Amino acid sequence: MASTRTTLLFVVLLLFSIQGALTIRGQASVSIQLSVINDLSNMSPENYFTSVLKGGVLLGALRRIQQTQPGFEFTVAEDPNYGLFLESVNGVAGSEQDQTYWEILSENSEQYKRLNVGIGCYTPAENEHIVLRFATRAK
Ligand code: B12
């Protein structure tokens, strides 16, 4: 009885992992978590779960969240050299005057690492936790 249950559990987990790997139009995808943090206001952090095609860029994941999860929206500006700059998230925009911007981080074991490229170039890894943090660059 116990071994039947274990086998069933194994099959269910296997099905979930296969489904997780093949969610977008039958093509392999990676799952990511996205958190939106705004320490400059008393807004509570927001968490979203989504996926992007394997090898796809972070922009694709943000678009997917915007299309499927009410309450998440973002805008971008195009830079002639570096591509897409994340301008605003959920109606909050960075400002030259206030020296604020949306910083893009990757979190692992509570260690936060700044991405070295923007949303149009970054390729998320499986189960990566991306953090969009409204930050100030004022010293
Ligand atoms: C200053 C600066 C910033 C400032 C820009 C605001 C400002 N008004 O100054 C702030 C702090 C906002 C910033 C943010 C980021 N930056 Co920056 N930034 C620079 C830096 C040090 C100088 C740019 C500059 O002033 N050039 C002089 C002016 C006259 O030229 P400009 O063409 O008008 O400069 C503009 C662009 O560079 C643009 N910009 C700045 N960073 C980025 C990043 C991306 C992805 C885009 C599309 C545009 C962009 O803002 C400048 C002012 O408008 C460069 C490194 C360098 N030495 O060039 C890195 C650099 C451009 N940034 C970089 C990165 C990775 C980022 C971030 C993605 C970091 C992060 N993980 O959060 C974020 C962007 C996040 C987002 N919201 O999309 C990389 C880009 C690499 C790449 N191939 O994509 C560079 C080359 C640094 C590096 N070597 O890693 N950045």
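Shown above is the structure to which this text applies.
Since we're looking at a predicted model, the values are computed, not measured.

Visitor: Let's hear about the sheet that holds strand 2 (residues 46-53): which residues, and what values?
Guide: Taken in spatial order, the five strands make up an open sheet running 2-1-8-6-7, and their pairing is mixed. The outermost strands of the open sheet, each flanked by one partner alone, are strand 2 and strand 7 (111-114). The sheet shows a mean angle of 35° between the axes of neighbouring strands, direction not considered. Along the sheet face, helix 2 (residues 58-68) touches strand 1 (29-38), strand 2, strand 6 (100-108) and strand 8 (128-136) and points at about 120° away from the line of strand 2.

Visitor: Before we move on, could you go through the site of the ligand and cite the residues and values that matter?
Guide: Neighbouring the ligand are 18 residues; Leu86, Glu96, Trp102, Ile104 and Leu115 lie closest to it. Classifying every residue of the shell around the ligand by side-chain character gives nine nonpolar, four polar and five charged.

Visitor: So what's going on with the packing of aromatic side chains? Residues and values would help.
Guide: All told, the structure shown has three aromatic pairs when counted by the stated rule. On the numbers, 5.0 Å between centres and 65° between planes, the contact of tyrosine 48 with phenylalanine 72 is edge-to-face. Of this pair, tyrosine 48 sits in strand 2 while phenylalanine 72 sits in the loop between helix 2 and strand 3 (74-79); the two residues are 24 residues apart in sequence, bridging distant segments of the chain. For the pair formed by tyrosine 48 and phenylalanine 72, the shared burial category is buried. Between the aromatic rings of phenylalanine 72 and phenylalanine 74, the centroid separation amounts to 6.0 Å while the plane-to-plane angle is 40°, which identifies the pairing as tilted. Both residues of the pair, phenylalanine 72 and phenylalanine 74, count as buried. Each residue in the set Tyr48, Phe72 and Phe74 is aromatic and connected to the rest through ring pairs, giving one cluster.

Visitor: Help me get a handle on the nonpolar core, residues and values and all.
Guide: With 23 residues, the main nonpolar core has Leu34, Leu58, Leu62, Phe72, Ile130 and Leu132 as its most contacted residues. Counting residues per element, the ones that place at least two in this core are strand 1, strand 2, helix 2, strand 4 (83-89), strand 6 and strand 8. For this core, the element with the highest residue contribution is helix 2, accounting for five residues. In this structure, leucine 58 is in contact with Ile32, Ile104, Leu115, Ile119, Tyr122, Pro124 and Ile130, ignoring residues within four places of it in sequence.

Visitor: I'd like a rundown of the pairing of strand 1, residues and numbers included.
Guide: The buried fraction of strand 1 amounts to eight of the 10 residues, a majority that puts the element mostly inside the structure. Across eight bridges, strand 1 lies against strand 2 in antiparallel orientation. Directly across from valine 36, in strand 2, lies its bridge partner glutamate 46. Here strand 1 pairs with strand 8 via seven bridges, running parallel. Pairing of glutamine 33 across the sheet is with histidine 129, part of strand 8.

Visitor: Quick one: what's the story with the side chain of serine 88, residue by residue and with numbers?
Guide: You can see serine 88 is positioned in strand 4. Exposure remark for serine 88: the relative accessible area of 10% places this residue in the buried category. Among the polar contacts listed, one links the side chain of serine 88 to the side chain of threonine 75, at a separation of 2.7 Å. In contact with serine 88, not counting residues within four places along its chain, are Glu73, Phe74, Thr75, Ala93 and Trp102.

Reading guide: rules and limits
Residues numbered from 1 in each chain as written. Predicted model: local features only at pLDDT ≥ 70, side-chain atom pairs only at ≥ 80, totals over all residues. Heavy atoms only, no water. Pairing = 2+ DSSP bridges. Helix = DSSP H or I, 4+ residues; strand = E, 2+ residues; numbered from the N terminus. Axes fitted to C-alpha atoms, helices over the stretch in contact; angles between N-to-C directions. Contact = heavy atoms within 4.5 Å. Near = heavy atom within 4 Å. Nonpolar A, V, L, I, M, F, W, Y, C, P; charged D, E, K, R; others polar. Phe/Tyr/Trp six-rings, centres within 6.5 Å; stacked < 30°, edge-to-face > 60°. Buried < 20%, exposed > 50% of the residue type's maximum accessible area, 1.4 Å probe, protein only. Core = buried A, V, L, I, M, F, W, Y, C linked by side-chain atoms within 4.5 Å. Polar contact = N/O pair within 3.5 Å; in protein donor to acceptor, adjacent residues only side chain to side chain.

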